[in-house]
Amino acid sequence: MAVTHRTGTGKFAFFTFVANDDPPSVMHGRMLPPGTLAWCRAETEIHSQSPVGATWSNLCFPIEDVERDWVSLYGTPFAGPRDSVEIVPLTYVAQHQLTTGIDAAISGNEHAPTLVHGLLRLMLEAFAFSRGAEAAGPITKTGFERQLRVVDALVSIADRIDVAYPLVAVCHEVGVSLRTLNASSNALLGMGAGQYLRRRRMHRVLAALQRGDVSVTEAATGQGFWDLGRFAGDYRVLFGCSPSETLSKARRGGVLFNRRG
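Residues numbered from 1 in each chain as written. Predicted model: local features only at pLDDT ≥ 70, side-chain atom pairs only at ≥ 80, totals over all residues. Heavy atoms only, no water.

Caption draft 1: Structural view of the packing of aromatic side chains. Scanning the model with the defined rule gives seven aromatic pairs in all. Aromatic ring contacts, followed pair by pair, group Phe 15, Trp 39, Phe 61 and Phe 127 into a single cluster. When the ring centre of Phe 225 is taken as origin, the NZ or CZ atom of Arg 201, which lies over that ring, is 4.5 Å away. (Phe/Tyr/Trp six-rings, centres within 6.5 Å; stacked < 30°, edge-to-face > 60°. Lys NZ or Arg CZ within 6 Å of the ring centre and 35° of its normal.)

Structure, rendered in structure tokens:
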């Protein structure tokens, strides 16, 4: 049995992000494969379906926020969806950013408003670049694609490491200088390469604590955090609570995330 949604967007911009490998969802009769982002025109009724067990995230933003951010990013009048639904494929980097950003934004931490605003800008950038390099900002298409290759490699490294990884080793593996690595990371991820790798490991600690089957020490040292005092402070800054609070809530059966739209 499929799950069907009918909803009117009203004065909101409505985005649907499909992230997993389940059979694709359907919106207005169009397929939404994993790794795609759909943008529905305001004032239209949305019809979407998804197989049981599929995971997607629905995000709504006031139109005035979307218009403001579009002008801020591109200096041109707001350009909404070209059809009732516009669908774009996302790069691996953008998929990862949306997945982690959505999780963080709905976890209830104190940084949620900033994170939500960052998600909107990320999605607008995805649509703008899909429409041609001239809309993607001052960087050339060739330059953007080079940065994308560097950051894709960085994200792939982050996917597999669970220890502090020297940036000189990252540069050697990616085949770029430290300056190029950090410039690309800052441009597309909003942070330097070292900060990004550390943050990915912090998110793995968060996931381990949310399962509730390990101690704080086991979760932290399992990701290469040996200075537990510094780790606890950095964890609180990033997630808005202490590691022990996360673990305690998980063991009480607290629900931290709800990603179904």
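What follows picks up the thread again.
Caption draft 2: The arrangement of the sheet that holds strand 7 (residues 56-62) in detail. Strand order across the open sheet formed by four strands is 7-2-5-8, with antiparallel pairing between neighbours. Strands with a single pairing partner mark the edges of an open sheet, and in this sheet they are strand 7 and strand 8 (85-89). Between one strand axis and the next, the sheet turns by 20 degrees as a mean value, whatever way the strands run. (Pairing = 2+ DSSP bridges. Helix = DSSP H or I, 4+ residues; strand = E, 2+ residues; numbered from the N terminus. Axes fitted to C-alpha atoms, helices over the stretch in contact; angles between N-to-C directions.)

Caption draft 3: Representation of the side chain of Arg 200 within the structure. Relative to the helices and strands, Arg 200 resides in helix 7 (residues 193-211). Using a relative accessible area of 11% as the deciding quantity, one classes Arg 200 as buried. Of the polar contacts made by the side chain of Arg 200, one reaches the side chain of Asp 159; its length is 2.5 Å. Those residues in contact with Arg 200 that lie beyond four places of it in its chain are His 96, Val 155, Ala 158 and Asp 159. (Buried < 20%, exposed > 50% of the residue type's maximum accessible area, 1.4 Å probe, protein only. Polar contact = N/O pair within 3.5 Å; in protein donor to acceptor, adjacent residues only side chain to side chain. Contact = heavy atoms within 4.5 Å.)

Caption draft 4: Just the nonpolar core, in detail. One finds Phe 15, Leu 37, Trp 39, Leu 90 and Leu 98 to be the most contacted residues of the largest nonpolar core, which totals 23 residues. Elements that contribute at least two residues to this core include exactly strand 2 (12-18), strand 5 (36-40), strand 7, helix 1 (63-74), helix 2 (92-105) and helix 3 (112-130). Sorting elements by how many residues they give to this core places helix 3 first, with eight residues. If you look at the next biggest cluster of nonpolar residues, it comprises 20 residues, including Leu 154, Val 155, Val 174 and Leu 188. (Core = buried A, V, L, I, M, F, W, Y, C linked by side-chain atoms within 4.5 Å.)

Caption draft 5: Focus on the pairing of strand 5. The buried fraction of strand 5 amounts to five of the five residues, a majority that puts the element mostly inside the structure. By the alternation rule, side chains of strand 5 split into Thr 36, Ala 38 and Cys 40 and Leu 37 and Trp 39, which are all buried. Of the pairings in the sheet, the one linking strand 2 to strand 5 comprises five bridges and is antiparallel in character. If you follow Phe 17 over to strand 5, its bridge partner there is Leu 37. In terms of strand pairing, strand 5 meets strand 8 through five bridges, oriented antiparallel. Directly across from Trp 39, in strand 8, lies its bridge partner Glu 86.

Caption draft 6: Structural view of helix 9 (residues 228-239). The end-to-end C-alpha distance of helix 9 is 16 Å, a good match for the 16 Å that twelve residues give at a rise of 1.5 Å each. What helix 9 keeps buried is the set Phe 231, Tyr 235, Leu 238 and Phe 239. Viewed along the axis of helix 9, the buried residues span an arc of 70 degrees, placing them on a single side of the element. The outward face of helix 9, more than 90 degrees from its buried face, is lined by the exposed residues Gly 229, Arg 230 and Val 237. Packing partners of the buried residues in helix 9 comprise helix 7, helix 8 (216-221) and helix 10 (243-251). (Expected span 1.5 Å × (residues − 1). Arc of directions from axis to C-beta.)

Caption draft 7: A look at the packing of helix 9 against helix 10. At a minimum axis distance of 8 Å, the contact between helix 9 and helix 10 shows a crossing angle of 70 degrees. Considering the angle they form, helix 9 stands roughly perpendicular to helix 10. When helix 9 is examined against helix 10, the residues Phe 231, Ala 232, Tyr 235 and Arg 236 are found in contact with a partner set consisting of Pro 243, Glu 245 and Thr 246. Looking at the contact of helix 9 with helix 10, its residues break down into four nonpolar, one polar and two charged. (Parallel < 35°, antiparallel > 145°, perpendicular 65-115°, else oblique. Nonpolar A, V, L, I, M, F, W, Y, C, P; charged D, E, K, R; others polar.)

Caption draft 8: Representation of the packing of helix 7 against helix 10 in the model. Two numbers describe how helix 7 lies on helix 10: the axes approach to 7 Å, and their chain directions differ by 35 degrees. On the side of helix 7, the interface is formed by Leu 206, Leu 209 and Gln 210, while helix 10 contributes Pro 243, Thr 246, Leu 247 and Ala 250. Taken together, the residues that form the contact of helix 7 with helix 10 break down as five nonpolar, two polar and no charged.

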